[in-house]
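Fold and geometry: a report
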Amino acid sequence: MTIAIIDYGMGNLTSVRNALKHLGADVVVSHDPGVLRAAKGVVLPGVGAFGEGMAHLHELGLASLIKDEIAAQHRPLLGICLGMQLLLDESTEHGQHAGLGIIPGKVRRLAPPSNDPPYRVPHVGWNHVEAAKTDALFKGLPDNEAFYFVHSFVCEPERPEDAAGWSEHGERFVCALEHGSVWAAQFHPEKSHKAGLALLNNWLEFASSC
């Protein structure tokens, strides 16, 4: 089973690749549409600004492929960090930017109370996650498991049922999504040790079953 990681110039590709290979997956990193079409499952990672990420995807001709050929055909797709945010309709990061529009919703800045200095943005470090669903991404994981976050923006899905996990940093926010065959995490499972590997393995099992 081949898993393709989308290389669009915005991702921490090495750590994602190494984590999936550690779990036994055959992994290829590519922006070649043919390679992505042939893969059993596709990972959209990402670190950086929303607008720049979308610009790179469009420049490479990958935005429509991800939406119309991978997501629309119910193929397993995993978004990580910025990759999760790009799945939504729009973002207000450095202006107004249209996303892939795969999961209805928007991306906005994390807004902890301004009078509470411990809650800094960007939010960097380990945080507990409350699983809203326990039969997919978080299958077999204890509730309130800790994962590693690095982000300044958060997702607001339009449909409550798309929220798979919640975390808190001054405010409660959605940190994982499950929308049919499209799953996503705001945190970095590839940097979250055993819990992160367990979550990635859940996705690999899902991908192999499709």
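First, a word on what this report is: a plain description of the structure on this page. Note that the structure is predicted; figures quoted are calculated from it, not measured.

Quick look at the overall build of the protein chain
Of the regular secondary structure elements, the protein chain holds six helices and 13 strands. With the principal axes as the frame, the protein chain shows a C-alpha extent of 50 × 40 × 30 Å. Taking all 210 residues of the protein chain together, 51% fall into the buried category. The long-range fraction of contacts in the protein chain, counting pairs at least 24 apart against all pairs at least 6 apart in sequence, stands at 70%. Looking at the protein chain as shown, the accessible area adds up to about 8900 Å², and 49% of this sits on carbon and sulfur atoms. In the protein chain, which carries 16 positive and 24 negative side-chain charges, the distance between the mean positions of the two groups comes to 4 Å.

Re the side chain of Q186
Mapped onto the elements, Q186 comes out in the loop between β13 (182–185) and α6 (193–209). Classification of Q186 by relative accessible area gives buried; the value is 0%. There is a polar contact of 3.0 Å between the side chain of Q186 and the side chain of Q85.

Quick look at the nonpolar core
The nonpolar side chains of a soluble globular protein tend to be buried, and buried together. In terms of nonpolar packing, the biggest core is built from 36 residues, with L20, V43, F138, F147 and F187 touching the most fellow members. Those elements that provide at least two residues to this core are β1 (2–6), α1 (13–22), β4 (77–80), β8 (123–131), β9 (145–151), β12 (172–179), β13 and α6. Of all the elements, α6 adds the most residues to this core, at seven residues. Residues contacting F138, with those up to four places away along its chain left out, are V129, A131, K133, F147, A164, G165, A176, F187, L199 and N202.

A look at the pattern of salt bridges
Side chains that differ in charge, positive against negative, can pair when their charged atoms come close. Scanning the model with the defined rule gives eight salt bridges in all. Between D162 and R159 there is a salt bridge, and its shortest N-O distance comes to 2.8 Å. You can call D162 buried: its relative accessible area is 1%. Salt bridges here are not isolated pairs; linked through shared partners, they connect K106, R108, E156 and E171.

Here's the deal with the packing of α1 against α6
In contact at an axis separation of 10 Å, α1 and α6 are set at 70° when each is read in the N-to-C sense. In terms of orientation, α1 lies roughly perpendicular with respect to α6. Contacts from A19, L20 and H22 of α1 reach α6 at L197, L200 and L204. Its residues assigned to classes, the contact of α1 with α6 shows five nonpolar, one polar and no charged.

Describing α1
Residues of α1 that are buried: L13, S15, V16, A19 and L20. The secondary structure elements touched by the buried residues of α1 are β1, β2 (26–30), β3 (41–44), β4 and α6. At the C-terminal side of α1, G24 shows a positive phi close to 95°.

Let's talk about unusual backbone geometry
With an omega of 10°, the peptide bond running from V121 to P122 counts as cis. Non-glycine residue H74 carries a positive phi angle of around 60°. Locating H74 in the fold gives a position in the loop between α4 (63–71) and β4. Judged by relative accessible area, H74 falls into the exposed class, the value being 60%. Despite not being glycine, H193 has its phi angle at roughly 55°, a positive value. Tracing the sequence through the fold places H193 in helix α6. The exposure class of H193 is exposed, given its relative accessible area of 58%.

Calculation notes
Residue indices begin from 1 for each chain and proceed along its sequence in written order. Local features in this predicted model are restricted to residues of pLDDT 70 or higher, and side-chain atom pairs are both shown and tallied only at a pLDDT of 80 or more, whereas totals for entire chains, interfaces and linings draw on every residue. Only hydrogens and water are removed before side-chain values are computed, so all heavy atoms of the structure are retained for them. Secondary structure elements are taken from DSSP: a helix is a run of H or I of four residues or more, a strand is a run of E of two residues or more, and numbering for both begins at the N terminus. Think of it in three bands: residues with accessible area under 20% of the maximum for their type are buried, residues over 50% are exposed, and the middle band is partly exposed, with areas taken using a 1.4 Å probe on protein chains only. Whether two residues touch is decided by their heavy atoms; if any such pair falls within 4.5 Å, the residues are in contact. Residue exposure ignores everything except the shown protein chains as possible cover, and the areas themselves are Shrake-Rupley values with a 1.4 Å probe. When charges are tallied, Lys and Arg are placed among the positive residues and Asp and Glu among the negative ones, while His and the ends of the chain are skipped. The location of each charge is read from NZ of Lys, CZ of Arg, CG of Asp or CD of Glu. Whenever two N or O atoms come within 3.5 Å, that pair is a polar contact, provided that in protein one can donate a hydrogen and the other can accept it, and provided that, for residues adjacent in sequence, both atoms are side-chain atoms. Side-chain atoms within 4.5 Å are what join buried Ala, Val, Leu, Ile, Met, Phe, Trp, Tyr and Cys residues into a set we call a nonpolar core. The rule for a salt bridge is simple: a side-chain nitrogen of Lys or Arg has to be within 4 Å of a carboxyl oxygen of Asp or Glu. Only C-alpha atoms enter the line fits that serve as axes; for helices the fit covers just the stretch in contact. Angles between N-to-C directions range over 0 to 180 degrees. Under this scheme an angle from 65 to 115 degrees is roughly perpendicular, one under 35 degrees roughly parallel, and one over 145 degrees roughly antiparallel; angles in between are oblique. Residues are grouped as follows: Ala, Val, Leu, Ile, Met, Phe, Trp, Tyr, Cys and Pro are nonpolar; Asp, Glu, Lys and Arg are charged; all remaining types, including Gly, are polar.

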